[in-house]
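# A structural walkthrough
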Amino acid sequence: MRIANLSGRLALIVDGRAVDVEQASAGRFAAAPQAVYERWEEFRAWAAGAELPEGLGFDPAELDSPAPDPRQVLAIGLNYRDHAAESGFAAPEGLPPVFTKFATSISGPVTDVTLPPDGHTDWEVELVAVIGRRAERVAEADAWSHVAGLAAGQDISERVSQLAGPAPQFSLGKSFPGFAPIGPWLVTPDEFDNPDDLELRCTVNGEEVQKGRTRDLIRSVPALIAALSAVLPLLPGDVLFTGTPAGVGLGRNPQRFLAPGDVLVSTVEGIGELRQTFVARA
């Protein structure tokens, strides 16, 4: 199953067309996309047996994040060994660094992103997991049952802000408007042959800058959910950015950062792509 946020309304994507959920369910489920995660199991059961009308075509630019208003956004740093190495760190022995991207940075899959002035804005393609059932002290073996679905994500990062000060400001440097595109839709784990082994890819102006597979995560999605839920409850609709492979601009020699006019395309196998165009602040 694929669910989307089409112009602020919850939709099912069937054969590339969008079915409005509120209309198809005769009002049983609300139009607001974030609300569905509180009734995720009920929604899945309905969607599996519903006789759906023919969907409508849509422009990808009309899509927004499938989880636009999460209560918690958790992001993981240094969760690929090659990215840890290019960042000058040893691979974490325990749980990798955890930070947040503030929810106001969340956007849809096709956007224009304003570059902060005097910054060094970088790319980080990631697999994003959205929680579908409250997870508290969950065993790793049970963790996938708490995941509503997977999406492509970009942990866009402004490195000057991120690394300034007596201690790094990870969350602020990664939370400018539009710095957390998610989409193009949410795909349920059962849609994948192996949800623990998906290819990630990222290009800038058509040039490949990142390519990796989620099988190389230091902590897999289930392992992250188990470790995080041992500390705090993960709530329905919460968003988890799982980390980026090597190839970011900060780790290059010479370093490379995004400029006005650059087009960043981020792809996750079996899900789809994000497309961000960067513009200078007016």
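Shown above is the structure to which this text applies.
Throughout what follows, the structure given in this document is the object of discussion. (Residues numbered from 1 in each chain as written. Predicted model: local features only at pLDDT ≥ 70, side-chain atom pairs only at ≥ 80, totals over all residues. Heavy atoms only, no water.)

With that settled, consider the overall build of the protein chain. Of the regular secondary structure elements, the protein chain holds six helices and 18 strands. Computed over C-alpha atoms, the radius of gyration of the protein chain comes to 18 Å, within 12% of the 19 Å expected from 2.2 N^0.38 for 282 residues, which places it in the range of a compact globule. Taking the principal axes of its C-alpha atoms as reference, the protein chain extends roughly 55 × 45 × 30 Å. Counting over 282 residues, the protein chain shows a buried share of 54%. Once local pairs closer than 6 in sequence are excluded, the contacts in the protein chain between residues at least 24 apart make up 75%. Carbon and sulfur atoms make up 50% of the accessible area of the protein chain, which totals about 12,000 Å². Taking the 23 positively charged and 38 negatively charged side chains of the protein chain as two groups, their mean positions are separated by 2 Å. (Helix = DSSP H or I, 4+ residues; strand = E, 2+ residues; numbered from the N terminus. Rg over C-alpha atoms; globule rule 2.2 N^0.38 Å. Buried < 20%, exposed > 50% of the residue type's maximum accessible area, 1.4 Å probe, protein only. Contact = heavy atoms within 4.5 Å. Areas by Shrake-Rupley, 256 points an atom, 1.4 Å probe, with all protein chains shown as cover. Lys, Arg positive; Asp, Glu negative; His and termini not counted. Charge placed at Lys NZ, Arg CZ, Asp CG, Glu CD.)

All right, on to the environment of Thr114 then. Within the secondary structure, Thr114 is located in strand 8 (residues 110-115). Sequence separation between Thr114 and Val98 is 16 residues; the distance between their C-alpha atoms is 26 Å.

It is worth spelling out the side chain of Ser157 at this point. Here Ser157 shows up in strand 12 (residues 157-158). A distance of 2.7 Å separates the side chain of Ser157 from the side chain of Lys174, its partner in a polar contact. Apart from residues no more than four positions distant in its own chain, Ser157 is found in contact with His120, Thr121, Asp122, Glu124, Gln162, Gly173, Lys174 and Phe179. (Polar contact = N/O pair within 3.5 Å; in protein donor to acceptor, adjacent residues only side chain to side chain.)

Here we come to unusual backbone geometry. The peptide bond linking Gly183 to Pro184 adopts the cis configuration, its omega dihedral lying at -5 degrees. Secondary-structure assignment places Pro184 in strand 13 (residues 180-187). Cis rather than trans, the peptide bond between Asn253 and Pro254 has omega equal to 5 degrees. As for its placement among the helices and strands, Pro254 is situated in the loop between strand 16 (239-241) and strand 17 (263-268). Its identity is not glycine, yet Leu78 carries a phi of approximately 55 degrees, on the positive side.

In an α-helix, one turn spans 3.6 residues, which is why side chains three or four residues apart end up on the same side. Of all the nine residues making up helix 6 (residues 221-229), nine are buried; the element is thus mostly covered by neighbouring parts of the structure. Buried residues of helix 6: Val221, Pro222, Ala223, Leu224, Ile225, Ala226, Ala227, Leu228 and Ser229, and no others. Tucked inside the fold, the buried residues of helix 6 contact strand 5 (73-76), strand 6 (98-99), strand 10 (125-131), strand 11 (147-154) and strand 16.

All right, on to the packing of aromatic side chains then. As enumerated under the stated definition, the model contains eight aromatic pairs in all. With 5.6 Å between their ring centres and 40 degrees between their planes, Trp40 and Phe43 make a pair best called tilted. Here Trp40 and its partner Phe43 are both found in helix 2 (residues 40-49), three residues apart, which amounts to about one turn of the helix. Residues Trp40 and Phe43 agree in their burial class; the two are buried. Relative to Phe179, the ring of Phe176 has its centre 5.3 Å away and its plane inclined at 50 degrees; by these criteria the two rings are tilted. Residue classification places Phe176 among the partly exposed residues on the basis of a relative accessible area of 21%. A residue is classified by how much of its surface remains accessible, and Phe179, at 0% relative accessible area, is buried. (Phe/Tyr/Trp six-rings, centres within 6.5 Å; stacked < 30°, edge-to-face > 60°.)

A word on the sheet that holds strand 18 (residues 272-280). Read from one edge to the other, the open sheet built from five strands follows the order 8-18-17-14-15, with strand pairing classed as mixed. The strands lining the two open edges of the sheet, one partner per strand, are strand 8 and strand 15 (207-213). Here the strands of the sheet are splayed against their neighbours by 20 degrees on average, with no regard to which way each runs. Across six bridges, the pairing between strand 8 and strand 18 is parallel. Bridge pairing in strand 18 places Leu115 opposite Ala280. (Pairing = 2+ DSSP bridges. Axes fitted to C-alpha atoms, helices over the stretch in contact; angles between N-to-C directions.)

Summed over the entire model, instances satisfying the criterion amount to 21 salt bridges. Of the charged contacts, one joins Lys101 and Asp155 as a salt bridge, the two residues approaching to 2.7 Å between their closest N and O atoms. Within this pair, whereas Lys101 is found in the loop between strand 6 and strand 7 (106-107), its partner Asp155 is found in the loop between strand 11 and strand 12, the two being separated by 54 residues in sequence. Judged by relative accessible area, Lys101 falls into the buried class, the value being 1%. Residue Asp155 is classed as buried on the basis of its relative accessible area of 0%. Residues Glu124 and Lys174 are paired through a salt bridge, measuring 3.3 Å at the closest nitrogen-oxygen approach. Linking Glu124 in the loop between strand 9 (121-122) and strand 10 with Lys174 in the loop between helix 5 (170-173) and strand 13, this pair joins segments that are 50 residues apart in sequence. An identical accessibility class is assigned to Glu124 and Lys174; each is buried. (Salt bridge = Lys/Arg side-chain N within 4 Å of Asp/Glu carboxyl O.)

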